[in-house]
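# Observations on the model geometry
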Amino acid sequence: MSDSSLVTIPVGKSNKIIPKVFWFWVTAEVVLFCLDVVFNYGKLIDVGAIRRMCNMAREDGIGTWVSSLQMLFVGVTVWLIGLRYAAASGEPAWKVRMWKFLACFFAYLATDDAASIHERMGTTFEKLAKRGGSGGWASEILAAFPSYPWQVLFMPIFGTIALFMAAFLVLEIISRGRYSFGELWREIWTTAVVARGAGRL
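My aim in this report is to walk through the structure given alongside it, one point at a time. (Residues numbered from 1 in each chain as written. Predicted model: local features only at pLDDT ≥ 70, side-chain atom pairs only at ≥ 80, totals over all residues. Heavy atoms only, no water.)

### As for the nonpolar core
Formed by 21 residues in total, the largest nonpolar core has its most connected members in Val78, Trp99, Leu102, Phe106, Leu109 and Phe168. Put simply, the parts of the chain that give this core at least two residues each are α4 (62-87), α5 (93-115) and α8 (149-176). Sort the elements by how many residues they give to this core and α5 lands first, with nine residues. Those residues in contact with tryptophan 99, other than ones at most four positions away along the chain, are Val78, Ile81, Gly82, Tyr85, Phe168, Leu169 and Glu172. By size, the runner-up hydrophobic cluster in this structure holds five residues, among which are Phe125, Ala129, Ala138 and Val152. (Core = buried A, V, L, I, M, F, W, Y, C linked by side-chain atoms within 4.5 Å. Buried < 20%, exposed > 50% of the residue type's maximum accessible area, 1.4 Å probe, protein only. Helix = DSSP H or I, 4+ residues; strand = E, 2+ residues; numbered from the N terminus. Contact = heavy atoms within 4.5 Å.)

### Remarks on the packing of α4 against α5
Packing of α4 against α5 leaves a shortest axis separation of 8 Å and a crossing angle of 165°. Between α4 and α5, the crossing angle belongs to the class labelled roughly antiparallel. Seen along the crossing, α4 lies across α5 with a hand that is left-handed. (Axes fitted to C-alpha atoms, helices over the stretch in contact; angles between N-to-C directions. Parallel < 35°, antiparallel > 145°, perpendicular 65-115°, else oblique. Left-handed = near helix turned anticlockwise from the far one by under 90°.)

### Focus: the packing of helix α6 (residues 117-131) against helix α7 (residues 137-144)
Packing of α6 against α7 brings their axes to within 8 Å, and their N-to-C directions diverge by 120°. Viewed along their axes, α6 and α7 adopt a mutual orientation that is oblique. The handedness of the crossing between α6 and α7 is left-handed. In this structure, α6 contributes Phe125, Glu126 and Ala129 to the contact, and α7 contributes Trp137, Ala138, Ser139 and Leu142. Looking at the contact of α6 with α7 residue by residue, the class counts come to five nonpolar, one polar and one charged. (Nonpolar A, V, L, I, M, F, W, Y, C, P; charged D, E, K, R; others polar.)

### Digging into the packing of aromatic side chains
A complete count under the given rule lists 11 aromatic pairs for this structure. Relative to phenylalanine 73, the ring of tryptophan 25 has its centre 5.9 Å away and its plane inclined at 50°; by these criteria the two rings are tilted. Residue tryptophan 25 is found in helix α2 (residues 11-41), and its partner phenylalanine 73 is found in helix α4; the two are separated by 48 residues along the sequence. A ring pair is formed by tryptophan 99 and phenylalanine 168, whose centres lie 5.1 Å apart and whose planes are at 75°; its orientation type is edge-to-face. Here tryptophan 99 is found in helix α5, whereas its partner phenylalanine 168 is found in helix α8, with 69 residues between them in sequence. Phenylalanine 168 shares its class with tryptophan 99; the two are buried. Among the aromatic side chains, those forming a connected cluster through ring pairs are Phe105, Phe106, Tyr108, Trp150, Phe154 and Phe158. The side chain of lysine 100 reaches across the aromatic face of tryptophan 79, ending 5.4 Å from its centre. (Phe/Tyr/Trp six-rings, centres within 6.5 Å; stacked < 30°, edge-to-face > 60°. Lys NZ or Arg CZ within 6 Å of the ring centre and 35° of its normal.)

What follows is the structure in structure tokens.
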């Protein structure tokens, strides 16, 4: 069995599946929002453990678990796209590498969201900066930076990758000339998930 047969879905079937997947995740987001409003802010059950579980802003809540799943599913989808490009004749190797790189990036985001890697690294960076004294470059950056310490480390990296990803997708749109309905839904869903993940980070 060839690689293309493993990752190829008929266009008609994909046009039906992708909107269903998209609306499934939209429904999940609405449910999470309602849980947050009713149980956390509304205090329907005024128990700290329940409120923390339903609080979308907490890293140990249901929202983070759902966000990690979203990132993982996007990573798997993007990896399958890379395999499809690898199996197709005439596709340049750099496109295959770019799809696989993006797949690894989304897989990392899933791991990061679940394990709070960025926050732990930010805390470590802040403590090391304080040990270095007020005259060190790290402490000066943190003193001037108005937001979380982890953003000093990760935002330049994430921002650069986001710019490359945006440029790559624009080039893909231009090279294809047009999108099928299923492909359009895929791009909308991916963009929405990335925006939500960036907001959670």
